[in-house]
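Per-entry structural report
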Amino acid sequence: MIYFRNVSLSFLDKQLFDQINWTIHPKSRIGLVGDNGTGKTTLFRTILDQVHPDSGFIDIPDRKQKKIGYLPQDLVELEALGLIDYLRLKSGIAELEDTIRSLEQQIAHVKPNTHEYSELTRRYADATAEFSARDGYAFEARAKQILKGFGFRESDFAKTCDLFSGGWKMRILLTSILLARPDIMLLDEPTNHLDTESMEWLESYLKDYPGTILVISHDHFFLDKIATQIVELANRHIQIYKGNYTYYLSEKDRRREALIKEMELQKAQIRKIEEFVERFRYKATKAAQVQSRIKMLEKFKDIKLEGRARNVVMRFPEGKKSVKEVVRVSGLGHAYGDLTVFAGLNFSLFRGDKVAFVGVNGSGKSTLSRLLSFSEEPTEGTVKYGDGVHMAFFSQESSQNLNYENTIWEEVNDVKTSANDQTKRNLLGAFLFSGDDIFKSVGVLSGGEKSRLALLKIMLLDTNFLILDEPTNHLDIKTKDVFQNALIHYSGTVAIVSHDRYFLDHLISKVFELKDGRVFDYTGNYSYFIEKRAQMTADTAQQDHRDQAPADRTLKAKDKKRLEAEERNRLSKIKNGLKRELAGVEAKIADLEARKVAHENSLCDPQTHKDAVKIKGLQIDLKGVENELAQAYHLWTELSCKLEETDSAGTA
């Protein structure tokens, strides 16, 4: 449980929270939403006790016994430790291992049958029990499973953490949090540095997570799948919506409409009462009734209607129409040293196409966008534009092309555009640069603010072909909606790389999937692509199964029977061998489990506690038994899978 009781907080002259009362129940799945600057990240930091409220308090019962995992939004620097060693350290497993080793050494140098010896053996038993409960013996296997889910390769496991880029470092930090299995998980924009496949894996992992999850995210799909409750932070207060993000959007509109009706009804009642008071104010016979009506007026509570944000509608300048075939890609390939990213790509983009490039990390999406924009020379093949094509390219590096000596307003004014000053100011406001902010120096802006400014400048250009690499990474939901709407009404051609599935789903009409060094195209939106990809994966699996059947169907019946009999005999021998191995392992597991129970019962026996030497011996034996059991379980799983595969082959 997390209790907020009358929590208020201000920074300088801006009040973020005003008397917030909120109870977060165990196993809650909460999506925290709100405009930029409302205090979502600050609220996380108050839970972590990094920021203290001006008044009120936040209480987490048994806080010292609760583990809280926090993923910050900002990029982090990691130590130059090996990847697996870092995860051991951050998840707490390394500390537990050190504790166990230290206790073993201390026990070895202490005389038995002493109070100190008894205390050390008790602590040793507690530490080994916790290590076992946290699945410490299988830690490395679990770590590699999660890392692979986030797109890491086997070759990455030997690297040190400092060699990875910022986005990959955030994945490492997220992995350490998942491995620690905290009671409360605070995730601030966890999808910012994940590709779609990694996001889908994370959604699947968190679906059955036993702890409490609070997540700040601008990803509509992610919140729909993870959250069972949306909490909106606005106007210094919270509003709770018991459903996912789609429910929140519709329920918020419904509540607003209900409030408007209540306001209108109240106004009508007040007007009617005021008319009565005015009419009979000076009649002595109605004095009591007039006073009663006046008291009724005083009891009416003000109904405050939350101001709805002004709908900002932005459009790209109407560029000149290009030829029908905007760009033609022929035999395109690219390599970095010995690593071939892709080869032999052939496709065309046509006027009005809105295409998404998708694929796992490392498949070459960003590389392809750089080749299409001539930011990089291909290793092989060509990229040719049609006549009259005016291209603009946005990438994460675009923010480096700004003039850091300019103010924001000067930087915008340097763009050759037909837009007037009011249009520029509207666009700046939509991209979260308002008031005196526009006179800030570009050099003092954060990385996210620079990216937004670079994207804003593109919206002022006269273009008919846009190449956009992760344009939504630093946009909040409202700004993203403005940008998405502008792209939908853009008459030119769009090629986009994005991990935001909701954004893509409502924008694109074609998907190019980069996979195994090739490109596969799907005509439809992102949901259609996911559906077709799943269908094709299932079809491929069925085809592979059919391909395992005998290829030569022209064999004579006698030869076919002979081959089938030989295959049955071969499979039977394999099955019998596996069954014998499996029986042996099962017998070993039964023996080990019996020994484990016997040791545990002995350790629980009050008579045993009188003999410290016996306790130490039992604990050491128990640790050895648990290690053997873990290995035996792993071997049993492998043999069972092989036996199932053999059975499937025999019935095919």
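Since we're looking at a predicted model, the values are computed, not measured.

What counts and how
Residues numbered from 1 in each chain as written. Predicted model: local features only at pLDDT ≥ 70, side-chain atom pairs only at ≥ 80, totals over all residues. Heavy atoms only, no water. Helix = DSSP H or I, 4+ residues; strand = E, 2+ residues; numbered from the N terminus. Rg over C-alpha atoms; globule rule 2.2 N^0.38 Å. Contact = heavy atoms within 4.5 Å. Areas by Shrake-Rupley, 256 points an atom, 1.4 Å probe, with all protein chains shown as cover. Lys, Arg positive; Asp, Glu negative; His and termini not counted. Charge placed at Lys NZ, Arg CZ, Asp CG, Glu CD. Domains from an automatic or database assignment. Buried area = accessible area lost by both parts, 1.4 Å probe. Salt bridge = Lys/Arg side-chain N within 4 Å of Asp/Glu carboxyl O. Polar contact = N/O pair within 3.5 Å; in protein donor to acceptor, adjacent residues only side chain to side chain. Nonpolar A, V, L, I, M, F, W, Y, C, P; charged D, E, K, R; others polar. Pairing = 2+ DSSP bridges. Axes fitted to C-alpha atoms, helices over the stretch in contact; angles between N-to-C directions.

**So, the overall build of the protein chain**
When helices and strands are counted, the protein chain shows 19 helices and 18 strands. Over its C-alpha atoms the protein chain spans a radius of gyration of 33 Å, topping by over 25% the 26 Å that the globule rule assigns to 652 residues. Oriented by its inertia axes, the alpha-carbon framework of the protein chain measures out at about 100 × 75 × 55 Å. Look at the contacts in the protein chain between residues 6 or more apart in sequence, and 69% of them connect residues 24 or more apart. Accessible surface computed for the protein chain: about 35,200 Å², of which carbon and sulfur atoms make up 50%. Looking at charge distribution, the protein chain has the averaged site of its 94 positive side-chain charges lying 5 Å from that of its 96 negative ones.

**Focus: the domain arrangement of the protein chain**
How big an interface is tends to be stated in terms of the accessible area lost upon association of its parts. Here the protein chain is partitioned into domain 1 (1-78 + 178-243), domain 2 (80-163), domain 3 (249-299), domain 4 (326-537) and domain 5 (557-650). Listed per partner, the contact involves twelve residues of domain 2 and nine residues of domain 5. Approximately 980 Å² of surface area, both sides summed, lies buried where domain 2 meets domain 5, with 56% of it carried by carbon and sulfur atoms. On the domain 2 side of the interface with domain 5, the three residues burying the most area are Y117, Y124 and Y137, jointly 47% of the side's total. Seen at the junction of domain 2 and domain 5, the total is one salt bridge. For the salt bridge of K623 with E104, the shortest nitrogen-to-oxygen distance reads 3.4 Å. Counting every contact that joins domain 2 to domain 5 gives three residue pairs in polar contact (both at pLDDT 80 or more). Looking at the side of domain 2 that touches domain 5, the elements with two or more residues in it are α3 (93-108) and α4 (115-133). In terms of residue count, α4 provides more of the side of domain 2 that touches domain 5 than any other element does, five residues in total. Here the residues of the side of domain 2 that touches domain 5 are counted per class, giving eight nonpolar, three polar and one charged.

**Overview of the sheet that holds strand β2 (residues 14-24)**
Here we have three strands laid out as an open sheet, ordered β2-β1-β4, and antiparallel in their pairing. Strands with a single pairing partner mark the edges of an open sheet, and in this sheet they are β2 and β4 (55-59). Mean inter-strand twist for the sheet, computed between neighbouring axes without regard to direction, equals 25°. Together, β1 (2-11), β2 and β4 form the strand contacts of helix α1 (residues 40-47), whose direction differs from that of β1 by roughly 125°.

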